[in-house]
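The lines below spell out each chain.
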Amino acid sequence: MKVENATMNVIGKKIKRVDAIEKVKGINKFVADYEFKNMLYGAIVFSKHARALVKKIDTSKAKELKGVKAVLTYSDIPGENQLGEVVEDMPCLVPVGKEAKYYGDVVAVAAAESQKIANAAAGLVEVEYEELPAVLSIEESLKNEIKVHESGNILTSKKIRKGKTEEGFASADLVIEDDFFADYQEHAYLETQGIFAVPDSTGMTIYGSMQCPYYVQNAVSRVLGIPQNNVKIVQADTGGAFGGKEDVPSYVAAQCALLAYHTKRPVLLSYSREVDIQFTSKRHPIKSHYKVGFKKDGKIVAIEVNAHMDMGAYATLSPIVMYRSLVHAAGAYDVPNVKVDIDGVYTNKVPCGAFRGFGSPQVLFAIESIMDEAALKLKIDPVEIRLKNALRVGSHTSTDHLLTESVGSVSTIMNAVKISDYENLKRSVHDFNSKNRFKKRGIGVSHIIYGVALGAAGQALDAAGALVQVHRDGSVTVHVGNTEMGQGMKTVLAMIASETLGQNIDMIKVENADTSYVQDSGPTVASRATLFSGNAVKEACEKIKERMISTFSKIKNVEKEEVVISSGVVRGGKEEMNFGDLANICYSSNVELIANGWFKSPKLNWDPKTGLGEAYLTYSYATQIVVVEVDMLTGKSNVIDVFTSHDVGRVLNPVGLTGQVEGGFVQGMGYAIYEEIKMKDGRILTDNFNTYIIPTINDIPQNIKIDFVEDEFSEGPFGAKGIGEPSLMPAPAAIANGISNAIGRRVKKIPATQEYVLDLIEKGEDKS
Amino acid sequence: MAKFVMPKNEREFRDEIYDEKSMIMAGGTDLLVKMRIGKINPSKIVSTLRVPTFHALGFDGKELIIGANVTYSELLDFEPVKKAFPILYDAIYSIGSPQIRNRATLVGNLINASPAGDGLLALYLLDAKVEVSNGKRYSVGEFVRGPGQTILDHKEYVKSIIIEKEEWTHRYFEKVGQRNSMTISIASIGSLFKIEDGIVKEMRIAFGSVGPTVLRMHEIEEFTRDKKLDEDLIREISMMAYSGVKPIDDVRGSAEYRRRLCRNLIYRFNYILERS
């Protein structure tokens, strides 16, 4: 579907970020910049064992320290101690007599007049532990000999049963079977976790770095045992999140709120980088076993997947992360027979949670590796084999979802081929390799699908609201329940408001989320803010515009249908007026210029027993072609060229969109080749950026070519879908395939660090 | 909280460092990191920044003199370093980022005495001398005693580093880190050659991050003397490197990976072979 966009004033134009200037100047405030009179500083005390029984907690020495105002344990919690968005299996503070289940499990919190004293107090809390044997791998967990939780180590299992895979394999000309492993990834947001809890006469206001204010409201209300209308959550400017601030701020806020509750003073709890990396969630390690059957011509006839996800010590968001792994496990292809089984297992390690992509890059890496391997074995070009199996309008996804519109998948493949000048690219790589002895280049291709928004498993949360107010001077305030965390949501929403109302964008201000203005709008995750908040803002603006047009038509005596508002000017017949003047007239005539918008997901039909149905509202697609250069003597990989094409439904802001794709690529590249969480006995050794290696500007390829295809989605605002996560998804798979192509051996683990790649290169050789 | 002082001449400097718990800061890019993680806890930090004699940087055609507060950026900008001591230039260029090179000093790198010190590796290769406040000159090998250890006692300090100019026909430096900049060596190699008519008249070779200090491998240096540089010789040296280095496992890489890197990096001498 294609909508004519000749009439658009703002949508599709290159619009500068609405929050750019203050961020560049450093004048906006992140939570650690806030100051309140009489404020205190918080610190946490956490277990330094992978698994240990808490026998005794003695806070007396810590309390004696001058300047210490509170040292609290589980017995100081006035409300509920148990937290968890899906399964309430995680304590706010581990009680005496219970197990601390990972290195980082919090047993006490302290508040003091300075950060230094608070840290010292935390160090003086004496906890007596009885160390217990711990479960430190998926394999150990599956033995179920040591139970992380009494209920058993497999928390939950999900499956897809589509068609008959045995029959599919029986008809296959080629069957590829292999194991893959995708390891942890740390979010590495610029700003660490931080919360400010400010008590008042009836409850408190929580300011913080967060993605999901309503999660925080719920957790704080539970832990303090006070009603939700006495817990107001105001998002502070947030310096990056990537999923790491989906549920984690709930725990940080609960700890901080407890300190404010008992001291009756404002408390800032801001994690150091080391505490942040040690204690907070990561991308899940996933081990997967794939079996895929192909016909000679490259057509896939059957896929079987068996995967295990390492949840760590607590469930947090794992069951819903698993849902996304399940749906994306068979990739972006039209496959008649699909069987997927996936289990989430507990271990005594850091709890894993949300991370850009939410359980899908791990499995997309695996299926895309197999696609390349099949292309090699069947002597078909990697692009051809993907085209052969790509989804189209009328195709059924791996969950048997019939696709009826906005399927840009084939277009992204064709577009990537075009922008990469694919045939010449292959030749130039071949030339390079014939001239270089120690450096070899390889081309990597990947093609992905991405379910937009929360999908069938998250339908209960998939709605969003907006509250828009036009002031007397025509300036506009927009409140939404979703959050800006660096992704550019405020700019896109301001554009949607501007386009819909007809007011200029510089007169529109999008506020940080505040739970007292807008109803629970679900989490700001799953690439859903543009689609959900965008539609809600659009609806609210349409209501106000209708009233303004009505007022104009009455006073100027022109037909409503003739009235047009654009670029801050109202026109009708021969009459013309500034937007602000009309707003002023509306005020004088008591016209209501405040309105709500509400967008909710249409009902999705899903059968959890078979894993079949409408998994997501819609899907985004992408194709990426990369050139990777591998140093055959060191195993080190450098990405040289990137060509990436995304189907986003409709491009709202080309500048923001390109920024998202560049950032997503770089984060995906870090995951693919650099970033490694190393542990010893459950403790994370790589707890700062001197050892946890993320890409620098010198690692980013010079040539990143990005293009978009537009295949509009009828329910999206102006046809848009989502981009936040799809921007990262193709990178790990494409880069891994590029390395495999360069060295002539298959990469089966990410990150494909230089040590791992040199091992692959030298495999089979005499290692001395 | 540590006291911070900036003496204005060497006499004041000597008085300030007399205190047992004082530490000298010449740049601070290692010192401040160690303080933040609580590895060291000095009561006083004495800066080299305001002492004019520590800014000495000169080359008289024979000797390069580098004072205690000369930064990497200053060395990169100093024309004789690039022209007469290119291996030093290469090593320094691989360090940190422009911001770090603007603060960090070569003498600081020497005192830090890390086996991963990239500047230090060049000093080993160039047979640099260290002029200490007691008036004596030491070779770098004598000066560095082990990881983080030097022969200095707390009342002594390094005034400067002195490097004599020598002619080399070829050189090679490479650092293998986990990314392309802002990285600490997993292994590094530096080598200097005098090659005449394809024959190695003299060579020096050193490895970083694969032993308790930077390793000069004299057995390779002796072995190659007066031999023809060819693929066979390269293969032989690479095996000597593999068995001669003494790496350990750490968070950046395994001992075995480091050993293989040292072996494999020798194959880059093929580039020298192509040019000689």
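Just so it is clear, the structure is predicted and the values come from calculations on it, not from any experiment. (Residues numbered from 1 in each chain as written. Chains lettered and ligands numbered in written order. Predicted model: local features only at pLDDT ≥ 70, side-chain atom pairs only at ≥ 80, totals over all residues. Heavy atoms only, no water.)

A. Structural context of the overall build of chain B. When its secondary structure is counted, chain B shows 13 helices and 15 strands. Relative to its length of 276 residues, chain B is compact, with a C-alpha radius of gyration of 19 Å against a globular reference of 19 Å. Put simply, chain B shows about 12,300 Å² of open surface, and 51% of that area lies on carbon and sulfur atoms. (Helix = DSSP H or I, 4+ residues; strand = E, 2+ residues; numbered from the N terminus. Rg over C-alpha atoms; globule rule 2.2 N^0.38 Å. Areas by Shrake-Rupley, 256 points an atom, 1.4 Å probe, with all protein chains shown as cover.)

B. How the structure looks around the nonpolar core. Residues and elements named next belong to chain A. In terms of nonpolar packing, the biggest core is built from 82 residues, with Tyr290, Phe294, Val630, Phe665, Ile735, Ile739 and Ile743 touching the most fellow members. The biggest single contributor to this core is helix H10 (residues 361-378), with ten residues. Residues in contact with Phe294, not counting those within four places in the same chain, are Ala172, Asp173, Leu174, Ile176, Lys299, Ile300, Val301, Ile370, Met371, Ala374, Leu378 and Ile385. Counting 52 residues, the second-largest nonpolar core is a separate cluster that includes Ala219, Val223, Tyr314 and Ile677. (Core = buried A, V, L, I, M, F, W, Y, C linked by side-chain atoms within 4.5 Å. Buried < 20%, exposed > 50% of the residue type's maximum accessible area, 1.4 Å probe, protein only. Contact = heavy atoms within 4.5 Å.)

C. Representation of unusual backbone geometry. Between A:Ile750 and the following residue, A:Pro751, the backbone shows a cis peptide bond with an omega angle of 0°. Tracing the backbone shows A:Pro751 in the loop between strand S33 (749-750) and helix H19 (754-762). Notably, A:Ser567 is not glycine yet its phi reads approximately 50°, a positive angle. Note that A:Ser567 resides in the loop between strand S22 (564-566) and strand S23 (569-572). Take A:Ser567: its relative accessible area is 41%, and that puts it in the partly exposed class. Positioned with a positive phi, B:Met182 is a non-glycine residue whose angle comes to about 50°. Given the relative accessible area of 36%, B:Met182 is considered partly exposed.

D. Layout of the pattern of salt bridges. All names here are of chain B. Overall, the coordinates contain 62 salt bridges over all chains when judged by the stated rule. Residue Glu10 pairs with Lys159 through a salt bridge whose shortest N-O separation is 3.0 Å. Here Lys159 lies in strand S10 (residues 158-164) and Glu10 lies in helix H1 (residues 10-16), a separation of 149 residues in the sequence. A salt bridge links Asp226 to Lys201, with the shortest nitrogen-to-oxygen separation between them at 3.5 Å. Note that Asp226 is positioned in the loop between helix H10 (218-224) and strand S15 (227-228) and Lys201 in strand S13 (residues 199-208), a separation of 25 residues in sequence. Judged by relative accessible area, which is 35%, Lys201 ranks as partly exposed. Three or more residues joined by partner-sharing salt bridges are found here, namely Asp127, Glu166, Lys194, Glu202, Arg204, Arg216 and Glu221. (Salt bridge = Lys/Arg side-chain N within 4 Å of Asp/Glu carboxyl O.)

E. Highlighting the domain arrangement of chain A. Residues and elements named next belong to chain A. When its domains are assigned, chain A resolves into domain 1 (20-27 + 463-600), domain 2 (34-132 + 193-270) and domain 3 (286-456 + 606-763). A C-alpha centroid distance of 37 Å is found between domain 1 and domain 3. Listed as interface residues are 19 residues of domain 1 and, on the opposing side, 21 residues of domain 3. A buried area of about 1,400 Å², summed over both sides, lies between domain 1 and domain 3, and 72% of it is on carbon and sulfur atoms. (Domains from an automatic or database assignment. Buried area = accessible area lost by both parts, 1.4 Å probe.)

F. A look at the interface of chain B and chain A. Across the contact, 31 residues belong to chain B and 30 residues belong to chain A. In total, about 2,600 Å² of surface goes out of reach between chain B and chain A, with carbon and sulfur atoms giving 44% of it. Per-residue buried area on chain B facing chain A is highest for B:Arg179, B:Val251 and B:Arg260; these three make up 25% of the total on that side. Summed over the shared surface of chain B and chain A, the number is six salt bridges. The salt bridge involving B:Arg268 is made with A:Asp631; its shortest N-O contact spans 2.4 Å. In this structure, the connection of chain B to chain A is made through 21 residue pairs in polar contact (both at pLDDT 80 or more). (Polar contact = N/O pair within 3.5 Å; in protein donor to acceptor, adjacent residues only side chain to side chain.)

G. Examining the environment of A:Lys116 more closely. All names here are of chain A. One can find Lys116 in helix H3 (residues 115-124). The exposure class of Lys116 is exposed, given its relative accessible area of 61%. C-alpha of Lys116 to C-alpha of Gly67: the two residues are 49 residues apart in sequence and 10.0 Å apart in space.

H. Molecular detail of the sheet that holds S10(B). Residue and element names in this part refer to chain B. In spatial order, the strands read S4-S5-S10-S6-S7; together these five strands make up an open sheet with antiparallel pairing. Both edges of this open sheet fall to strand S4 (57-59) and strand S7 (137-139), since each of them pairs with a single strand only. Mean inter-strand twist for the sheet, computed between neighbouring axes without regard to direction, equals 20°. Direction of pairing for strand S6 (residues 129-132) relative to S7: antiparallel, over a ladder of three bridges. Of the residues in S7, the one forming a bridge with Lys129 is Ser139. (Pairing = 2+ DSSP bridges. Axes fitted to C-alpha atoms, helices over the stretch in contact; angles between N-to-C directions.)

I. Fine view of the sheet that holds strand S3 (residues 68-72) of chain A. Residue and element names in this part refer to chain A. Spatially, seven strands are ordered S3-S7-S1-S14-S11-S12-S13 in an open sheet, and the strand pairing comes out mixed. Each edge of the open sheet is held by one strand with a lone partner, namely S3 and strand S13 (231-235). Averaged over all neighbouring strand pairs, the angle between strand axes comes to 20°, with direction disregarded. Bridge count for strand S1 (residues 40-46) against strand S14 (residues 267-270) is two bridges, and the pairing is parallel. Directly across from Leu40, in S14, lies its bridge partner Val267. The strands that H3 touches are S1, S3 and strand S7 (106-112); relative to S1, the one it contacts most, it runs at about 25°. Each of strand S12 (204-208) and S13 touches helix H6 (residues 213-224); the most contacted strand, S13, lies at about 145° to it.

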